[in-house]
Amino acid sequence: MASNEEILAGLAEIVNEETGLAPEAVELDKSFTDDLDIDSISMMTIVVNAEEKFGVRIPDEEVKNLKTVGDAVDFIAKAQA
Amino acid sequence: MARKVVITGLGATTPIGGDVPTTWQNSLKGVSGARTLEDEWVARYELPVTFACRASNRPDEVLSRVEAKRMDPSTQFAVVAAREAWKDSGIEDIDHDRLAVAFATGIGGVWTLLDAWDTLRERGPRRVLPMTVPMLMPNGPAAAVSMDLGARAGAHTPVSACASGTEAMSMGIDLIRAGKADVVMTGGAEAAIHPMPIAAFSAMQALSKRNDDPEHASRPYDIDRDGFVMGEGAGALVLEAEEHALARGARIYAELAGSGVTADAYHITAPDPEGLGATRALKAALFDARAQATDVVHVNAHATSTPVGDKPEYTALKAALGNHVDNVAVSATKSQTGHLLGASGAVESVLTVMAIYERKMPVTINLESQDPDIPLDVVTSVRDMPGGDVVALNNSFGFGGHNAVVVFRNV
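As the structure is a computational prediction, the values presented were derived from the model and not from experiment.

How each quantity is defined
Throughout, a residue's number is its position along its own chain's written sequence, starting from 1. Starting at A for chains and at 1 for ligands, labels are handed out in the order in which the entities are written. Confidence filtering applies because this is a predicted model: local features only for residues at pLDDT of at least 70, side-chain atom pairs given and counted only at 80 or more, and all residues used for totals across whole chains, interfaces and linings. To get the side-chain values, take all heavy atoms of the structure and skip hydrogens and water. Helix numbering and strand numbering both begin at the N terminus, where a helix is a DSSP run of H or I of at least 4 residues and a strand a DSSP run of E of at least 2. When accessible area is computed with a 1.4 Å probe and restricted to protein chains, residues below 20% of their type maximum are described as buried, those above 50% as exposed, and intermediate ones as partly exposed. Should any heavy atoms of two residues lie within 4.5 Å, those residues are considered in contact. Each accessible area is a Shrake-Rupley result for a 1.4 Å probe, and residues are judged covered by the shown protein chains and nothing else. UniProt positions are given in the numbering used here, feature names are shortened, and annotations may be inferred rather than shown by experiment. Note on definitions: the grid is 1 Å and covers protein atoms alone; a cavity is a set of points where a 1.4 Å probe fits but cannot get out; a pocket is an open set with protein on both sides within 12 Å along at least five of seven lines; lining residues have an atom within 4 Å of a point. Grid points are joined across faces, edges and corners, and a volume is the space filled by probe spheres set on the points. Each residue receives one of three labels: charged for Asp, Glu, Lys and Arg, nonpolar for Ala, Val, Leu, Ile, Met, Phe, Trp, Tyr, Cys and Pro, and polar for the others, Gly being one of them. Axes here mean lines fitted to C-alpha atoms, for a helix over just the part in contact, with angles spanning 0 to 180 degrees between N-to-C directions. Relative orientations are named as follows: roughly parallel for angles under 35 degrees, roughly antiparallel for angles over 145 degrees, roughly perpendicular for angles from 65 to 115 degrees, and oblique for any other angle. By the definition used in this description, the sense in which the near helix is turned from the far one sets the handedness, with an anticlockwise turn below a right angle giving left-handed and a clockwise turn giving right-handed. Each aromatic pair joins two rings of Phe, Tyr and Trp (for Trp, the six-membered one) with centres within 6.5 Å, and gets the label stacked for planes under 30 degrees apart, edge-to-face for over 60, and tilted for any other angle. Here the expected span of a helix is defined as 1.5 Å times the quantity of residues minus one. Strands qualify as paired when DSSP identifies two bridges or more between them. Comment: arc refers to directions from the helix axis out to C-beta atoms.

**What about the overall build of chain B?**
Along the backbone of chain B there are 15 helices and 15 strands. Dimensions of chain B, computed from the C-alpha atoms along their principal axes, are close to 60 × 55 × 40 Å. Looking at chain B as a whole, 60% of its 411 residues qualify as buried. For chain B, the proportion of contacts with a sequence separation of at least 24, taken over those separated by at least 6, is 80%. When the accessible surface of chain B is totalled, it reaches about 15,200 Å², and 53% of it is carbon and sulfur.

Following this line, the structure appears as structure tokens:
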């Protein structure tokens with residue numbers, strides 16, 4: 001099980017791989033769409049890569065609730081618990 | 001009077017060069033882009049053909065990592081060539097609502113399609129990339145080029161197998177003449193050096209099996225030709241309404257004077273043995289260009305090096321040009337680049353335009369013993385093009401009986 005800091009770092013790596021955004025730009029309060037300019041297709045790629053990295057399942061209907069990076073970190077942390 | 005269409009920008013990424021200057025210089029030297037494939041899948045699938053003409057520069061090394069991962073290799077090639085052509089045109093201020101794209105492919109995103117199928121079978125649907133559909137669609141190259149340039153007057157994708165690239169240029173002429181655009185980025189892209197297309201083309205006996213001597217395998221018009229060699233890459237040409245080009249003081253390479261597109265309606269793969277469809281395309285193209293057969297000094301032939309394909313093209317040239325065919329210098333540049341399928345017409349048009357602009361004609365390699373049934377004047381060492389007013393043709397023919405011819409004239 002990963003700590004929230006580890007989940008954030010892992011997500012930042014996935015976002016960087018998909019979009020080229022600097023990992024340090026991926027902060028907890030950042031909105032995926034409004035701040036990081038991530039479109040729905042990239043978001044799905046990030047979700048599937050996060051599932052694999054953290055060994056969790058993020059249902060499609062849950063993805064729309066993951067508005068900020070913090071939402072995603074919290075969801076993954078809970079799913080791992 | 002129809003609007004005159006001129007060519008003001010060129011781009012290419014081919015097996016004999018990563019850009020136009022390199023491709024052009026090598027085409028005059030006569031180099032082969034064919035190499036034995038090093039990929040592990042050649043042995044894994046025991047492919048009957050073990051070589052091809054790989055692009056000399058990988059497009060994902062030119063594009064940024066994030067750009068590249070959202071594009072099929074065919075689209076990557078298209079964007080690389082289109083960017084070169086756009087920069088070369090020198091266009092800066094333009095009404096983007098008057099800029100169109102006609103960018104062809106023969107096969108489309110075959111790597112993406114088959115990778116996704118492998119992923120589905122091996123790892124399940126969840127792992128199939130969300131970008132799969134936009135990456136595999138055949139309009140992917142045109143769409144990516146349109147977004148890259150901000151071209152909003154339509155992005156079109158003629159698909160007619162190996163005639164696609166030339167047909168895209170024909171469409172570009174039509175768009176400008178019809179007043180639907182002032183500038184059209186035309187071209188073709190292909191990235192099909194994948195085990196499945198190799199196996200499939202091989203199954204139809206279309207590919208050369210000269211595995212022990214790849215560099216001499218593509219040999220159009222030679223008596224020992226045994227099939228084509230697969231190539232990959234892209235060519236791009238900026239077409240522009242003449243008045244638009246003159247108003248901005250553009251460098252003009254040549255006029256794209258006309259085109260002819262016909263269908264054989266004869267057989268799905270075999271060319272009409274009498275070349276009737278190709279003859280009609282040649283005649284239509286010359287008529288469209290208001291050119292006489294006797295104006296033609298140079299032809300960049302389709303000439304893929306298949307036993308059945310090269311001769312009907314000669315028959316058609318003879319029918320369309322009459323005895324003047326003996327005075328025409330013919331280059332079969334697939335001997336160097338291999339066959340870039342849907343990109344071939346665009347790459348060969350780039351070479352034809354350069355031939356007019358530089359007054360030098362590219363070389364046909366590997367012609368050791370010319371087929372006596374094809375008594376063309378083949379350019380086997382670099383040759384000057386005559387001075388004065390000249391017309392040159394580029395022919396492309398595709399499975400499905402597609403024939404496309406474009407006519408270039410000096411300015």
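**Regarding the UniProt feature "domain: Ketosynthase family 3 (KS3)" (unreviewed entry) in chain B**
Within this structure's numbering, the places UniProt gives as "domain: Ketosynthase family 3 (KS3)" (unreviewed entry) are residues 2–410 of chain B. Helix makes up 35% of residues 2–410 of chain B and strand 19%, with an end-to-end C-alpha separation of 18 Å.

**A look at empty space enclosed by the protein**
Summed over the entire model, instances satisfying the criterion amount to two cavities of 30 Å³ or more. By volume, the largest cavity amounts to about 50 Å³. Lining the largest cavity are A:Leu11, A:Phe32, A:Met43, A:Ile46, A:Val47, A:Ala50, A:Ile58, A:Leu66, A:Ala72 and A:Ile76. Of all the secondary structure elements, the ones that give two or more residues to the lining of the largest cavity are helix H2 (40–54) and helix H4 (69–80) of chain A. Partitioned by chemical class, the residues of the lining of the largest cavity number 10 nonpolar, no polar and no charged. Considered as a void within the structure, the second largest cavity measures approximately 40 Å³ in volume. Taken together, B:Val49, B:Phe51, B:Ile198, B:Leu207, B:Ser208, B:Phe228, B:Val229 and B:Met230 make up the full set of residues lining the second largest cavity. Across the lining of the second largest cavity, the residue classes tally to seven nonpolar, one polar and no charged.

**Structural notes on the packing of helix H5 (residues 73–89) of chain B against helix H8 (residues 140–149) of chain B**
Residue and element names in this part refer to chain B. Packing of H5 against H8 brings their axes to within 9 Å, and their N-to-C directions diverge by 40°. Comparing the axis directions of H5 and H8 gives the class oblique. Relative to H8, H5 is oriented so that their crossing is right-handed. Here Ser-74, Thr-75, Ala-78, Val-79, Ala-82, Arg-83 and Trp-86 of H5 lie close against H8, whose contacting residues are Gly-140, Pro-141, Ala-144, Val-145, Asp-148 and Leu-149. Taken together, the residues of the contact of H5 with H8 sort by class into eight nonpolar, three polar and two charged.

**Some remarks on the UniProt feature "domain: Carrier" (unreviewed entry) in chain A**
Per the UniProt annotation, the sites labelled "domain: Carrier" (unreviewed entry) are residues 2–80 of chain A. Secondary structure across residues 2–80 of chain A divides into 59% helix and 0% strand, with the first and last C-alpha atoms of the span separated by 8 Å.

**Quick look at the UniProt feature "modified residue: O-(pantetheine 4'-phosphoryl)serine" (unreviewed entry) in chain A**
Residue and element names in this part refer to chain A. UniProt records the feature "modified residue: O-(pantetheine 4'-phosphoryl)serine" (unreviewed entry) for Ser-40 in the present numbering. Here Ser-40 lies in helix H2. Given the relative accessible area of 57%, Ser-40 is considered exposed.

**Some remarks on the packing of aromatic side chains**
Residue and element names in this part refer to chain B. This model, assessed by the stated rule, comprises four aromatic pairs over all chains. Seen from their ring centres, Phe-201 and Phe-228 are 5.4 Å apart, and the 75° between their planes marks the pair as edge-to-face. Here Phe-228 lies in the loop between helix H10 (195–203) and strand S7 (233–241) and Phe-201 lies in helix H10, a separation of 27 residues in the sequence. No difference in accessibility class separates Phe-201 from Phe-228, as the two residues are buried. Considering the side-chain rings of Tyr-253 and Tyr-357, the 4.7 Å spacing of their centres and the 70° angle between planes classify their relative orientation as edge-to-face. Of the two residues, Tyr-253 is situated in the loop between helix H11 (242–247) and strand S8 (254–263) and Tyr-357 in helix H15 (residues 344–358); the sequence distance between them amounts to 104 residues. One aromatic cluster in this structure is built from Phe-201, Phe-228 and Phe-399.

**Here we look at H15(B)**
When the terminal C-alpha atoms of H15(B) are compared, their 21 Å separation across 15 residues agrees well with the 21 Å that a helix rising 1.5 Å per residue should span. Phi turns positive, to about 55°, at B:Arg359, one or two residues after H15(B).

**Let's talk about the pairing of strand S6 (residues 183–190) of chain B**
Residues and elements named next belong to chain B. For S6, the tally of buried residues reaches eight of eight residues, placing the bulk of the element in the interior. Of the two faces of S6, both are covered, the one formed by Val-183, Met-185, Gly-187 and Ala-189 as well as the one formed by Val-184, Thr-186, Gly-188 and Glu-190. Sheet topology note: the S6/S7 ladder contains eight bridges and is antiparallel. Across the sheet, the residue bridging to Gly-188 is Gly-235, located in S7.

**Some thoughts on H10(B)**
For an α-helix the count is 3.6 residues per turn, leaving residues at separations of three or four pointing the same way. Residues and elements named next belong to chain B. Among the residues of H10, those classed as buried are Pro-195, Pro-197, Ile-198, Phe-201 and Ser-202. Down the axis of H10, the buried side of the element spans an arc of 165°, and every buried residue falls inside it. Against helix H2 (40–44) and helix H6 (110–123) lie the buried residues of H10.

**Focus on the layout of surface pockets**
Here the largest pocket defines a volume of roughly 640 Å³. Surrounding the largest pocket, 32 residues form its lining, B:Lys69, B:Thr112, B:Asp115, B:Leu129 and B:Met135 being those nearest its centre. Sorting the residues of the lining of the largest pocket by element identifies helix H1 (4–19) and H2 of chain A together with helix H3 (59–62), helix H4 (65–69), H5, H6 and helix H7 (132–136) of chain B as the ones contributing at least two each. It is H6(B) that provides the largest number of residues to the lining of the largest pocket, a total of six residues. Residue classes in the lining of the largest pocket are distributed as 13 nonpolar, six polar and 13 charged. Along its surface, the second largest pocket is lined by 31 residues, and B:Thr269, B:Pro271, B:Thr306, B:Gly309 and B:Phe399 are the ones closest to its centre. In the lining of the second largest pocket, the residues fall into 14 nonpolar, 13 polar and four charged.

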